[in-house]
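Fold and geometry: a report
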Amino acid sequence: MIDLTGKVALVTGASRGIGKACAIRLADAGADVIVNYVTSQSLALETAAEIQTRGRRAAVVRADVSEEDDVAAMIGFVEREFGQLDVLISNVATGGFRTLDNANAKHFAAVMRTNAFAVVQLVHAARRLLARPTGHAKVVALSSHGSRMALPAYGLIGASKAALESLVRQLALEVGNDGININVVLAGLVATDSTRVIPGAESMFAAVNERILVRERELTTGDVADAVLFLASPLSDLIQGQTLVVDGGVSIRG
Ligand SMILES: NC(=O)c1ccc[n+]([C@@H]2O[C@H](COP(=O)([O-])OP(=O)(O)OC[C@H]3O[C@@H](n4cnc5c(N)ncnc54)[C@H](OP(=O)(O)O)[C@@H]3O)[C@@H](O)[C@H]2O)c1
């Protein structure tokens, strides 16, 4: 049983999808949760309300994680209002789906900034709050198969995810001895707002469900959140700088 009572967690992009599922899982485990969003205030408030019905404290903060000032202001809010930060989930990704042939340097810079560099900005801003003389604070970032595989129209996001996994290893080297564990959950394809609109989504989901090696199951946001919860808990204290794949075995098939 994972008990995060007395812990404070910040989840970026928690208005919907995987981020929302992580926020709810952390609250179910006893944590108070700060819900970050950028445009969907009403959805973020819904996530916060679901956390509060579990008897946990929740707050909603608008911040664009690609903007250094927004990130600093959000962490300042956490310090003022909650006085501590024990768990940081860097979940946001954006970018749209386009072939590299249709990508320019502006697209590349924007995707890298939001999907990869945000975790560096977040850890930099929160390092003093996360650092501890004993015990461990936890940082978890979300990646995808695009970090390792060539997928249609996924070149920019895939590159950003490869960079993200590398940055997490590097951060582990730089902040590990401050009492901060930082790891990645690499999720397989899950139905969320962003994946339902991928051209050819239906056949992609059908192909994944054909290949999954876990009987009578489809990967859900809750399955991803369970792995995030594990990496946010004391059960993973000796896991550092790693990428945990949660895809029902789809990616090991030849
Ligand atoms: N879904 C999948 O199949 C899948 C698979 C593998 C990995 N992942 C990864 O899991 C993570 C979540 O994916 P998802 O499918 O749940 O995403 P999603 O449904 O598109 O939700 C994205 C979330 O990020 C927020 N957001 C976007 N840009 C932001 C910014 N600049 N600053 C702050 N918040 C921002 C959105 O807030 P607003 O609502 O306010 O816009 C929303 O809460 C991503 O890192 C993704 O790459 C997803």
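Residues numbered from 1 in each chain as written. Predicted model: local features only at pLDDT ≥ 70, side-chain atom pairs only at ≥ 80, totals over all residues. Heavy atoms only, no water.

Thoughts on the overall build of the chain
- Across its full length, the chain holds eight helices and seven strands.
- Counting only C-alpha atoms and orienting by the principal axes, one finds that the chain spans roughly 45 × 45 × 35 Å.
- For the chain, with 254 residues in total, the buried portion stands at 49%.
- Long-range contacts, defined here as pairs at least 24 residues apart, represent 75% of the contacts in the chain between residues at least 6 apart. (Helix = DSSP H or I, 4+ residues; strand = E, 2+ residues; numbered from the N terminus. Buried < 20%, exposed > 50% of the residue type's maximum accessible area, 1.4 Å probe, protein only. Contact = heavy atoms within 4.5 Å.)

Examining the sheet that holds strand E7 (residues 243-246)
- As summarised here, the arrangement of the seven strands in space is E3-E2-E1-E4-E5-E6-E7, forming an open sheet in which the pairing is parallel. Looking along the sheet, the strands with just one partner apiece sit at the ends: strand E3 (58-62) and E7. The sheet shows a mean angle of 20 degrees between the axes of neighbouring strands, direction not considered.
- The pairing of strand E4 (residues 87-90) with strand E5 (residues 137-144) spans four bridges and is parallel. The partner of Ile-89 across the bridge, within E5, is Val-140.
- Here helix H8 (residues 221-231) sits on the sheet in contact with E4, E5, strand E6 (180-187) and E7, set at roughly 165 degrees to E6. (Pairing = 2+ DSSP bridges. Axes fitted to C-alpha atoms, helices over the stretch in contact; angles between N-to-C directions.)

Focus on the site of the ligand
- Ser-15, Thr-39, Ser-40, Asn-91 and Thr-192 are the nearest of the 30 residues found near the ligand.
- Here an oxygen atom of the ligand and a backbone polar atom of Val-38 are 2.9 Å apart.
- Take Asn-91: an N or O atom from its main chain is 2.7 Å from an oxygen atom of the ligand.
- When the free accessible area of the ligand is taken as 910 Å², the share hidden by the protein chains comes to 92%.
- Going through the elements one at a time, helix H1 (17-28), strand E2 (32-37), E5 and helix H6 (193-196) are the ones with two or more residues in the shell around the ligand. (Near = heavy atom within 4 Å. Polar contact = N/O pair within 3.5 Å; in protein donor to acceptor, adjacent residues only side chain to side chain. Areas by Shrake-Rupley, 256 points an atom, 1.4 Å probe, with all protein chains shown as cover.)

As for the side chain of Asn-115
- The residue Asn-115 is located in helix H4 (residues 105-130) in this model.
- Engagement of the side chain of Asn-115 in a polar contact is seen with the side chain of Ser-160, the distance being 3.2 Å.

Regarding helix H2 (residues 41-52)
- The end-to-end C-alpha distance of H2 is 16 Å, a good match for the 16 Å that twelve residues give at a rise of 1.5 Å each.
- At its buried positions, H2 is contacted by H1, E2 and E3. (Expected span 1.5 Å × (residues − 1).)

Remarks on the packing of aromatic side chains
- As enumerated under the stated definition, the model contains one aromatic pair in all.
- Measuring from centroid to centroid gives 6.1 Å for Phe-97 and Tyr-154, while their planes differ by 25 degrees, and the two rings are stacked. Here Phe-97 is found in the loop between E4 and H4, whereas its partner Tyr-154 is found in the loop between E5 and helix H5 (155-175), with 57 residues between them in sequence.
- Here Phe-97 falls in the partly exposed class, since its relative accessible area comes to 32%.
- Of the residues examined, Tyr-154 reaches a relative accessible area of 15% and is grouped as buried. (Phe/Tyr/Trp six-rings, centres within 6.5 Å; stacked < 30°, edge-to-face > 60°.)

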